[in-house]
Amino acid sequence: MTSVRRRIPQLTLIEHEFAVPLDHDDRGGRTITVFAREVIGDGRGAESYPLLVFFQGGPGSEAPRTPSAPVDGSWLKRALQEFRVLMLDQRGTGRSTPVGTLAGLEPPAQADYLTHFRADSIVRDAEFVRSALGVERWSVMGQSFGGFCVLTYLSFFPESLREAFFCGGLPPIGRPTDDVYVRTYPRVLDRCRRYYDRYPDDRARVREIHRAIAAGSVVLPTGEQLTSRRFRQLGLMLGMGDGAEHLHQILELPHDSPGFLHDVAAAGGFARNPLFAAIHEACYADGFVTGWSAERLLPPEYDDAELFTGEHIYSWMLEDYAPLRPLAGAAEILAHHAWPRLYDEQRLAENDVSAAAMIYANDMYVDRELSEETADRVRNLQPWLTNEWEHDGIRVDGGRILDRLISLARG
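These remarks concern the structure in this document. Small disclaimer: the values here were computed from a predicted structure and weren't measured.

Conventions adopted
Residues numbered from 1 in each chain as written. Predicted model: local features only at pLDDT ≥ 70, side-chain atom pairs only at ≥ 80, totals over all residues. Heavy atoms only, no water. Helix = DSSP H or I, 4+ residues; strand = E, 2+ residues; numbered from the N terminus. Buried < 20%, exposed > 50% of the residue type's maximum accessible area, 1.4 Å probe, protein only. 1 Å grid on protein atoms, 1.4 Å probe; cavity = no way out; pocket = protein on both sides within 12 Å on 5 of 7 lines; lining within 4 Å. Points joined across faces, edges and corners; volume = space filled by probe spheres on them. Nonpolar A, V, L, I, M, F, W, Y, C, P; charged D, E, K, R; others polar. Phe/Tyr/Trp six-rings, centres within 6.5 Å; stacked < 30°, edge-to-face > 60°. Lys NZ or Arg CZ within 6 Å of the ring centre and 35° of its normal.

**Section: unusual backbone geometry**
- Here the bond from G58 into P59 is cis, since omega is 5 degrees, no more than 30 degrees from zero.
- As for its placement among the helices and strands, P59 is situated in the loop between β4 (51–55) and α1 (75–79).
- Positive phi outside glycine occurs at T97, with the angle close to 35 degrees.
- Relative to the helices and strands, T97 resides in the loop between β5 (84–89) and α2 (107–114).
- Take T97: its relative accessible area is 24%, and that puts it in the partly exposed class.
- Phi at N380 takes a positive value of approximately 65 degrees, unusual for a residue other than glycine.

This is the structure we're talking about:
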């Protein structure tokens, strides 16, 4: 372990790097780096506060950066009142041996490598870090996919946890991946209808863009030819509080303008974070094969080209997105991989760790009904069902949300 202490206005940052096994069941094998940044406020005695580990949403996204003191009302501002916060770059992201094209490996070797980047491996990294830092127990907080990691933590290492907080990320337990997408597609279709109710003129604009795409006249700054199916993935943003406005601001631009082309190229973040496309469906696979679930379950309504898709991964993405092409063979192998269990139903039913979970009533990404089902199966977990925010609630009102979760857990 190496650690470097830095000071910025109102915060102390301690940057830790750890060499952890790629495969925690093979301690003598290959190692990777895991990075975590400890954030300490200026409060009296803050250096001795207990640790709260933050698990970011994704998969494939690093922990938030803290270039300055947190703003009033943010979850970090609230957390630093009583915690040191450990921002963990989950393996494969940020400074934690990031996953790229895995050049030099054949598809079977790439696929084998990528099997080690789900919540089960991330949580074992966290346990490695906890032991290296000499911490007996700590609290954990997960946003979206980060909540999946927290549930895995409760399943396999509850003795290491003081309390657990979920922010829109209670995954289904023991259900086939198909059960997720058969529920999320109708929500996305509803968002599309609501979008066009708000911006009816955008229907004609979308049809115009599809015609330009079909004519081959829409070329992204990367040199890639935009396809209609890739363009439809702009609907991924519709599950956020300002998602409809963001989508409209892209669509109102001329389709041959630099602004439109750059914004479309960057949408989804798949080129920046290829791990998201490679293992997204696998992160739901609690003992199942995914088999390109979202692709198989695409509803017939999508014969209407004006409709956008949501948080769905398709096999063709490994063709349409040039940065993903080197992982195409591996992704196909992973789609037919028999994934091990991520959760222990018996231990969750006997859970002694105080926990609280916010469930977004209208969540487009993590199905509400499946989250409520999971909440009923975890002892000592207090659910909070709310329609006040969309999936990005902790970004817009994080301080109030974390304060409520802490109160619920400690009830």
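Once you've had a look at it, read on.
**A few points about the layout of surface pockets**
- Roughly 1,300 Å³ of internal volume is contained in the largest pocket.
- Along the walls of the largest pocket sit 42 residues, with Q56, G57, S61, M240 and R395 positioned nearest its centre.
- Elements supplying a minimum of two residues to the lining of the largest pocket: α1, α8 (243–251), α9 (258–266) and α16 (393–410).
- Taken together, the residues of the lining of the largest pocket break down into 19 nonpolar, 15 polar and eight charged.
- A volume near 270 Å³ is recorded for the second largest pocket.
- When contributions to the lining of the second largest pocket are tallied by element, the ones reaching two or more residues are α3 (119–133) and α4 (145–156).
- With four residues, α3 is the single largest residue contributor to the lining of the second largest pocket.

**Considerations on the packing of aromatic side chains**
- Throughout the structure, instances matching the rule amount to 15 aromatic pairs.
- A centroid spacing of 5.3 Å and a plane angle of 75 degrees characterise the contact between F270 and Y321, whose relative ring orientation is edge-to-face. With F270 in the loop between α9 and α10 (274–279) and Y321 in the loop between α12 (317–320) and α13 (328–335), this pair connects stretches of sequence that are 51 residues apart. This pair shows no difference in class: F270 is buried, exactly as Y321 is.
- Taken together through their ring pairs, the aromatic side chains of F145, F148, Y181 and Y284 make up a single cluster.
- Of note, R404 hangs over the ring of W384, and the distance from its end group to the ring centre comes to 4.6 Å.

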